[in-house]
Amino acid sequence: MGGLPKSPVPLKQNNNQVPDSDEENGSSSGNGRRSNSLDLTVLYKHSHDELNLQQSKRDQIISLYLTICTIAGPLVFSYSFDWRYKGIIFLALGLIGTLLAVIVIRYKIYKEVYWTCCQTLSQLMRYDPDKIDKKLIQDKFLSVLTLRGKKYVEEKNGKKVFLSFKFFKSNLFSAETLMYVVLIFIVAMMSGVGIGLVLLFNRTVGIAVGIGFGALMFVILLLQFFKQNKKLYRVLVDGENDSFNSVFEKAWFLYFYE
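Residues numbered from 1 in each chain as written. Predicted model: local features only at pLDDT ≥ 70, side-chain atom pairs only at ≥ 80, totals over all residues. Heavy atoms only, no water.

## Focus on the overall build of the protein
A tally of regular secondary structure across the protein gives nine helices and two strands. When the elements of the protein are put in sequence order from the N terminus, they spell out α-α-α-α-β-β-α-α-α-α-α. Looking at the protein residue by residue over its 258 residues, the buried ones come to 42%. As displayed, the protein has an accessible area near 14200 Å², and 60% of this comes from carbon and sulfur atoms. (Helix = DSSP H or I, 4+ residues; strand = E, 2+ residues; numbered from the N terminus. Buried < 20%, exposed > 50% of the residue type's maximum accessible area, 1.4 Å probe, protein only. Areas by Shrake-Rupley, 256 points an atom, 1.4 Å probe, with all protein chains shown as cover.)

This is the structure in structure tokens:
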């Protein structure tokens, strides 16, 4: 893509935005330019801290869920009560795990956005403060996004397409993806065991349906992980304002313009 989408949709302002009125900072703030007093290194540090926080929260969620399942699984089987009730408990664990998997995906997306913020701020530090405005910020943000995602975009028959399989293959064995895979494997196992126990009145059906349901859960959650992360680079293919703004609106560290 040759540049920013035309006429970007105005983005909402953040409460942490630096004051930009002449009365408040004694400097010109026309045309969406920032205050001379704004220290980009401080924003960079905050963005980097948030990036690390997303990773930390992700690790805590995965560890907590694995601990719960490790304790709850054997504990349920140690008591003598109806298999169907045991199945319901495992299904509940599967449901909780599914919700946590969705949260982990969200953390992953915000981590990628904050990483892009850090790279954008690094580039902006090379510019004269008075030259920095909304257009330049968005242009640099898009250039960083493009640099990272261009290897997944290819032009075919005059139309840009996203190489989903290449994206999948390139990221499947990353540390982040493998941690997520461990999480959804346990989720799928809890769900499959739950369905199997509920249907245990027919052993063959219970085992078959349990395995099938667990495998289906695993595939759906894995594809959802890649689908949501792929949306970060959608603007590189369609060049639409909405695609760009859906990513940029999460980059609130860059909302220091008028």
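## Points about the confidence of the model for the protein
It should be kept in mind that the predicted coordinates are not to be read in detail where pLDDT is low. Put simply, the protein has an average pLDDT of 84, and 84% of its residues get 70 or more. Between residues 1–32, whose pLDDT stays under 50, and residues either more than four places distant or in other chains, the model counts 71 contacts. (pLDDT = per-residue confidence, 0-100. Contact = heavy atoms within 4.5 Å.)

## Points about the state of the cysteines
Chemically, a disulfide is nothing more than a covalent bond linking the sulfur atoms of two cysteines. Taken as a whole, this structure holds zero disulfides when the rule is applied. You can see Cys-117 has no disulfide; the closest cysteine sulfur is in Cys-118, sitting 7.0 Å from it. For Cys-117, a relative accessible area of 0% corresponds to the buried category. (Disulfide = S-S within 2.5 Å.)

## Some details on a nonpolar patch on the surface
Taken together, the side chains of Ile-71, Leu-75, Tyr-79, Phe-81, Tyr-85, Ile-88 and Ile-89 define a hydrophobic patch exposed on the protein surface, amounting to about 700 Å² of accessible area. For the nonpolar patch, the secondary-structure elements that each account for two or more residues are α2 (40–78) and α3 (83–124). Take Ile-88: it is sitting in helix α3. In this structure Ile-88 comes out as partly exposed when scored by relative accessible area, which is 48%. (Patch = residues over 30% accessible without salt bridge, like charges linked within 9 Å, V, L, I, M, F, W, Y side chains within 5 Å. Salt bridge = Lys/Arg side-chain N within 4 Å of Asp/Glu carboxyl O.)

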